[in-house]
Each structure stands twice: as C-alpha cells, then as structure tokens.
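The residues making up each chain are set out below.
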Amino acid sequence: MKPRKVKGLDPEGPLADNARRIVEVRLAELRSFAPKALESGGQETLHDMRIAAKRLRYVLEMSEPAFGRAATDAAKVAKQLQDLLGEIHDCDEMLPRVRAHAEALRAQDAEALCDGAGGARDLEPGAAREAPNRARYRGLESLGTYLTARRAVLFERFVGRWEKLESTGFARELLDRLNRPEPAPAARADGAAA
Amino acid sequence: MAKALPVPGLNPGTRFADAAAAAVGVRAREVFAHADGVLDTSNIERVHDMRVATRRLRAAMEVFAACFPKKEHKKLLREVKALADVLGERRDPDVAIAALEGIAAELTAADRPGIESLVDEMRRGQEQGNDRLAAALEHLSESRLEERLAVLARSVRRPESSPPSALNGTVPA
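This is a predicted model, so every value here is computed, not measured.

Our focus in this paragraph is the overall build of chain B. Assigned secondary structure in chain B consists of 5 helices and 0 strands. Here chain B holds 173 residues, and 48% of them are scored as buried. When contacts within chain B are restricted to residue pairs at least 6 apart in sequence, those whose partners lie at least 24 apart make up 74%. Carbon and sulfur atoms form 54% of the exposed surface of chain B, whose accessible area is close to 8,700 Å².

As structure tokens, this is what we get:
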C-alpha cells in the first residue's frame, strides 16, 4: 500500500510543524481503513490498516523530540494496534500454507498408492493404510482449526480495541496534545529519568 | 529487539532538513552495526535486529523524503527496501518455525508429525532465505550502500548561514 502524499512539507521549516502535518495524514489514513476492516474483517484491508498503524507509529517515534510524551504515548497505542493486526496477519499467512502443505502431502500419497497399485484394475480401500504421510494429516487439520479459531478471537479483540480508541477520542486527543507538547520521558528539561 | 539509538540534538524547532540529516545518518549506521552474525541461524535475534534497524532507516527516509535530492533518495530507498525484503525472507521462516514449535508442544503426540513436516518445509525456506541474504550482504559491501547513505544524509539543503554540522533549531515560544 502506497502512503498518502503529505502536502506542504518544508525542509526549511521546524521539525514540529512538519511532523504534525505527517502525523495528521498518517492518522487519517489509519482511520480511513477502519470502516471496511471492521465490517469485512478481510485480510487485505486489515493488512493495509496494519501498514498504516506502522507508518503512524514510526513518524510518532521520530517526532518524540518535537512532541515529547504525546508522541511516546501515541506511538505505544499505534504499536499495540500494529502488533494485534500483525498476529491476525500471521494467521492469514499461515493458514494457506498449512492447507497447501496438506494438499501436497495428499498428492504425494495418492501418487505413491497409484504406483503401488502396479497396474491393477482398481484400488482396495486398505491401500490407504500404506500412505506414507498418513500420520501427518491430523496435526495439520488441528493446526488449521486452531489458526482459524485464533484469527476469529484476535479479530474480536481488534474490533473491541478499535471501538474503545474511537469512543475515547484518541485521534482528537492526539492532535490536541501535539499542539501543547510535553517533554519526552528521556528528554526532560531537568535531565531526570522519567 | 535492539532499542533504537537516540538521534541527538533534535528539538521542536530543529530545521526539518537538519533533523532529516541527523535521523537518516544515525539510522543508517545502526543498520550496518547489526550486520555481524546475521547468517547464523542458531541465533535468530541477529537477523531480527538488522531487519528492525532497516525498517527504521526506511521509515526515516520516507518521513524526511522532502529534504533529500529526489533521484538519489529514490534509488537508495529502493536499495534499502530490497535489503529489508531479503532480511524478511530469512526472518519470516524463523518466526513461523518458532511459533509452530510452540503450538506442536501444546498439542498431542499424534498431532506432532504433521506440524513437524511443515516445520521441515519451512527450514528449507529458511536455508534458501539465508543463501539469498548472504548474496545480498556481499552485494551490500560492493555497492557501498553505507557510504552512499552517509552521503545522502549530508546532502540535505543547508541554510547559507549555518555550518553543515549545525543542529541549531530553537524551541518556539
């Protein structure tokens, strides 16, 4: 997914002004994926939303010297979201691999049984007992079931997390806080560790 | 995962271009500082650290894109992305194998042969990823990417009154 272009960036201008513009665009980008992601739970939209969360997180981390704790806190929120969407993505990536692997084992077994038939007119059901991969199917089925269920559980968690963020006005709060920056934990004016 | 090195000298008033030079300079050095031992499949954290450093560099290059000469920035960003991809090809099987081994340990003995056969397949992917990473690392030194990134970091436009090393922005009132 290509990032949205940020207009009006000025290399001669201060870091804070430019970073604020980028955060605004990245935040809007993240939120724009939410309706479709929540409605469909589709792999592609959730993936796009994860990438948007990652981009927001990185710009926030980079702008900690400009926005202090506001950026640190929001970067943590973005990271939690990115991690959760990442776990869902891992399930989405792994499931087809599990299915493809089981399919490949089945094809190997069918070929082996066919070869073993030695030109017979038909194949006895008992031949399946000799399938070289027969002990492997069960684990792959269990794994596929587990990943499907885990994906559903994580998606529910994501929906709850996002709805909570929206209902507490995290986007508005972040933009407000960027306009009145506080010192970052590691860069407090008094030099004390936060 | 290695913590990101701080980029010293930045404050809200730092000129955006100076912040770009500082951030890209630090993030680029970080990538190459993690290059040792990444081909060791017995320690999967090394490749992870280099991948994360590469992601941070890529993010810095994207955030500060407006400050760099377009053509060279685009070319180097493409090379950094290619490096990130090849690190990912090695890292992804590492993560998947660890996750599958964790799941297998929780299932019954009868379930394990299937998962182990998938792990075996992924180990082959891990080896292929390692071969590609080895080739990419060799290319990295030939292409002098580290040096060219340092040049890019220094290539941001400077105000006429400031020396090249200045990070002299002031905090707005």
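Structure's up, so let's keep going.
Helix and strand counts for chain A come out as 6 helices and 0 strands. When the helices and strands of chain A are placed in sequence order, the string is α-α-α-α-α-α. Relative to the compact-globule value of 16 Å for 194 residues, chain A shows a C-alpha radius of gyration of 25 Å, a clear excess of over 25%. Overall, the C-alpha framework of chain A stretches about 85 × 35 × 30 Å when taken along its three principal axes. Excluding contacts between residues fewer than 6 apart, the proportion of contacts in chain A whose partners are at least 24 apart in sequence is 72%. In the form shown here, chain A has an accessible surface area of approximately 10,600 Å², with 51% of it arising from carbon and sulfur atoms. In chain A, which carries 33 positive and 31 negative side-chain charges, the distance between the mean positions of the two groups comes to 3 Å.

On to unusual backbone geometry. Phi is positive for Arg 144 of chain B, which is not a glycine, with a value near 50°. By secondary structure assignment, the location of Arg 144 of chain B is in the loop between α4 (112–142) and α5 (145–154).

What follows covers the confidence of the model for chain A. All names here are of chain A. On average, chain A scores 92 in pLDDT, and the residues at 70 or more come to 93%. Per-residue pLDDT, averaged within each element of chain A, yields its smallest value for helix α3 (residues 64–67) (92) and its largest for helix α5 (residues 137–167) (97). A low-confidence stretch, residues 187–194 stays under pLDDT 50, and its non-local contacts, those more than four residues away or across chains, total 7 contacts.

To continue, consider the interface of chain A and chain B. Contacts between the two partners involve 30 residues from chain A, matched on the other side by 34 residues from chain B. In total, chain A and chain B occlude about 2,800 Å² of area from one another, counting both sides; carbon and sulfur atoms represent 66% of this. It is Pro 11, Leu 15 and Met 62 of chain A in chain A that bury the most area against chain B; as a group they hold 22% of the surface buried on that side. In this structure, the connection of chain A to chain B is made through 3 salt bridges. The residue Arg 138 of chain A makes a salt bridge to Asp 111 of chain B at a minimum N-O spacing of 3.2 Å. Across the contact surface, chain A and chain B share 13 residue pairs in polar contact (both at pLDDT 80 or more). Elements represented by at least two residues in the side of chain A that touches chain B include exactly α1 (15–40), α2 (43–62), α3, α4 (69–117) and α5 of chain A. By residue number, the principal contributor to the side of chain A that touches chain B is α5 of chain A, which donates 6 residues. When grouped by side-chain class, the residues that make up the side of chain A that touches chain B number 18 nonpolar, 5 polar and 7 charged.

All names here are of chain A. Note that Gly 8 resides in the segment before α1. Along the primary structure Gly 8 and Tyr 137 are separated by 129 residues, whereas in three dimensions their C-alpha atoms are 57 Å apart. Leaving out residues up to four positions away in the same chain, Gly 8 has contacts with Asn 18 and Arg 21.

Here the focus is empty space enclosed by the protein. Scanning the entire structure with this criterion turns up 1 cavity of 30 Å³ or more. The volume enclosed by the largest cavity comes to roughly 40 Å³. Lining the largest cavity are Leu 15, Ala 19, Ile 22, Val 59, Met 62 and Ser 63 of chain A together with Phe 16, Val 63 and Phe 64 of chain B. Mapped onto the lining of the largest cavity, the elements with two or more residues apiece are α1 and α2 of chain A. A per-element tally of the lining of the largest cavity places α1 of chain A first, with 3 residues.

Criteria and cut-off values
Chains are numbered independently. Their residues run from 1 in the order of the written sequence. Key to labels: chains lettered from A, ligands numbered from 1, both in the order written. Only residues with pLDDT of at least 70 are given local features in this predicted model, and only at 80 or more are side-chain atom pairs given and counted; all residues enter the totals for whole chains, interfaces and linings. For side-chain calculations, the full set of non-hydrogen atoms in the structure is used, while hydrogens and water are omitted. A run of DSSP states H or I qualifies as a helix once it reaches four residues; a run of E qualifies as a strand once it reaches two. Both are numbered from the N-terminal end. Burial classification: accessible surface area is computed with a 1.4 Å probe over protein chains only, and a residue below 20% of its type maximum counts as buried, one above 50% as exposed, and the rest as partly exposed. Contacts between residues were defined by any pair of non-hydrogen atoms, one from each residue, lying within 4.5 Å. Surface exposure here means Shrake-Rupley accessible area, sampled with a 1.4 Å probe, where a residue is shielded only by the protein chains that are shown. Here the globule rule reads 2.2 Å times residues to the power 0.38, and the radius of gyration is calculated from C-alpha atoms. Charge assignment: positive for Lys and Arg, negative for Asp and Glu; neither His nor the chain ends contribute. Taken as the charge centre is NZ of Lys, CZ of Arg, CG of Asp or CD of Glu, depending on the residue. What pLDDT expresses is the predictor's confidence in each residue, scored from 0 to 100. The term buried area means the drop in 1.4 Å probe accessible area that two parts suffer when joined, counted for both and summed. The salt bridge definition used is simple: a Lys or Arg side-chain nitrogen within 4 Å of an Asp or Glu carboxyl oxygen. Two N or O atoms form a polar contact when they lie within 3.5 Å of each other; inside protein one atom must be a possible hydrogen donor and the other a possible acceptor, and for residues adjacent in sequence the pair counts only when both atoms belong to side chains. Under the convention adopted here, Pro, Cys and the residues Ala, Val, Leu, Ile, Met, Phe, Trp and Tyr are nonpolar, Asp, Glu, Lys and Arg are charged, and Gly plus all remaining residues are polar. Only protein atoms enter the 1 Å grid used here, on which a cavity is any set of points holding a 1.4 Å probe that cannot leave and a pocket is any open set flanked by protein within 12 Å on both sides along at least five of seven lines; residues with an atom within 4 Å of a point are listed as lining. Grid points are joined across faces, edges and corners, and a volume is the space filled by probe spheres set on the points.

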